[in-house]
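Residue-level listing of the chains:
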Amino acid sequence: MYTDASIERLARDIVASKKTVALSGAGMSVESGIPTFRGKGGLWEKYNPEEYGHITTLRYHPERAWIMLKDMQLAILPAKPNAGHYALAELEALGLLSSIITQNVDGLHHVAGSKNVIEFHGNLQTTSCMDCGFQQPSSAVPLDTIPPRCPKCNGPVKPDAVFFGEAIPLDALTRSHQEAQSCELMLVIGTEAVVYPAASMPEIARSAGAKVVEINPSRTPLTDFICTYSIHGPAGEVLAKVVGKVKELRKG
Ligand code: APR
């Protein structure tokens, strides 16, 4: 696990950093009750992403894609931010966090109050018609019969998340590169860092001279090669302690 000394080390690095950026992954929302993709009990244990999470499946076999999407919506829509989301929102409010690059599609950083959030993979909170473009809150889409159809033109509908086989929104990609290249400190929170191009952000930050600090109960492909140091613990618990220490240091 982690020590008070590692919490204090990260708090000091955050206070000293002129520009800090966070990269968050599914582990950020585990304490909100949302399963991760990989590892024990992960979504990809149940559904092959290349089959269920691919844009081709959604287009040509929507009834299959929506089996997984219904599962995801049922887990994500009722979820609430956890202490980790609120801690990052507080860091931003204190002027100590420039942006969050999130791979997550649950929208919880926004709900927790973070303003500068780059949604690398879009989000599941809204759903759009693939024919007429009509957009509606995903909570308004009936899931008793799947696949759901557009209430306006009866066309096929798609959550506004990035599916496998789709491009990352150019704006998200550009802004993320800029943030990664210009930060002094990158917090890498709850990601296995195996899906590119999101997973290249820590490498970009490190090559630009930034410290890269990982918060994750487990080791990842970044741990030994990219991270300056790691704090092995759950994101919500660790981030709440780090922000508490940051406020103490700023008072003192
Ligand atoms: N706190 C922090 N990290 C945690 C916690 C926790 N409480 N619980 C688990 N983790 C870590 C796991 O150790 C793992 O490293 O979260 C990570 C989750 O990894 P993945 O499930 O691979 O999620 P992620 O890295 O976000 O996946 C990236 O892959 O399938 C695509 O589009 C999908 O955005 C997703 C992308």
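What you see is a predicted model; the values in this text were computed from it and never measured.

The full count for this structure, using the stated rule, is twelve salt bridges. Taking the shortest distance from any N to any O, the salt bridge between Asp13 and Lys211 comes out at 2.8 Å. Of this pair, Asp13 sits in helix H1 (residues 4–16) while Lys211 sits in strand E8 (residues 211–215); the two residues are 198 residues apart in sequence, bridging distant segments of the chain. The network of salt bridges with common partners includes Glu8, Arg12, Lys245 and Glu248.

According to the stated counting rule, one finds one cavity of 30 Å³ or more in the structure shown. Each pocket or cavity is described by its volume, and for the largest cavity that value is around 30 Å³. If you go around the largest cavity, the residues you meet are Thr102, Asn104, Asp106, Gly107, Leu108, His109, His110, Val117 and Glu119. Counting only elements with at least two residues in the lining of the largest cavity, the list comes to helix H7 (108–111) and strand E3 (117–119). If one sorts the elements of the lining of the largest cavity by residue count, H7 sits on top with three residues. Each residue belonging to the lining of the largest cavity can be placed in one class, and the counts come to two nonpolar, five polar and two charged.

What the domain assignment lists for the protein chain is domain 1 (1–33 + 81–121 + 168–252) and domain 2 (35–78 + 125–161). One C-alpha centre belongs to domain 1, the other to domain 2, and the line joining them spans 28 Å. Tallying the contact residues gives ten residues for domain 1 and eight residues for domain 2. For the pair domain 1 and domain 2, the summed buried area comes to about 720 Å², and 69% of that belongs to carbon and sulfur atoms. Counting the surface domain 1 buries against domain 2, the share from its top three residues, Ala26, Val105 and Asp106, is 47%. Summed over the shared surface of domain 1 and domain 2, the number is zero salt bridges. Counting across the domain 1 and domain 2 interface gives one residue pair in polar contact (both at pLDDT 80 or more). Here the side of domain 1 that touches domain 2 is composed, by residue class, of five nonpolar, four polar and one charged.

How each quantity is defined
Residues numbered from 1 in each chain as written. Predicted model: local features only at pLDDT ≥ 70, side-chain atom pairs only at ≥ 80, totals over all residues. Heavy atoms only, no water. Salt bridge = Lys/Arg side-chain N within 4 Å of Asp/Glu carboxyl O. Helix = DSSP H or I, 4+ residues; strand = E, 2+ residues; numbered from the N terminus. 1 Å grid on protein atoms, 1.4 Å probe; cavity = no way out; pocket = protein on both sides within 12 Å on 5 of 7 lines; lining within 4 Å. Points joined across faces, edges and corners; volume = space filled by probe spheres on them. Nonpolar A, V, L, I, M, F, W, Y, C, P; charged D, E, K, R; others polar. Domains from an automatic or database assignment. Contact = heavy atoms within 4.5 Å. Buried area = accessible area lost by both parts, 1.4 Å probe. Polar contact = N/O pair within 3.5 Å; in protein donor to acceptor, adjacent residues only side chain to side chain.

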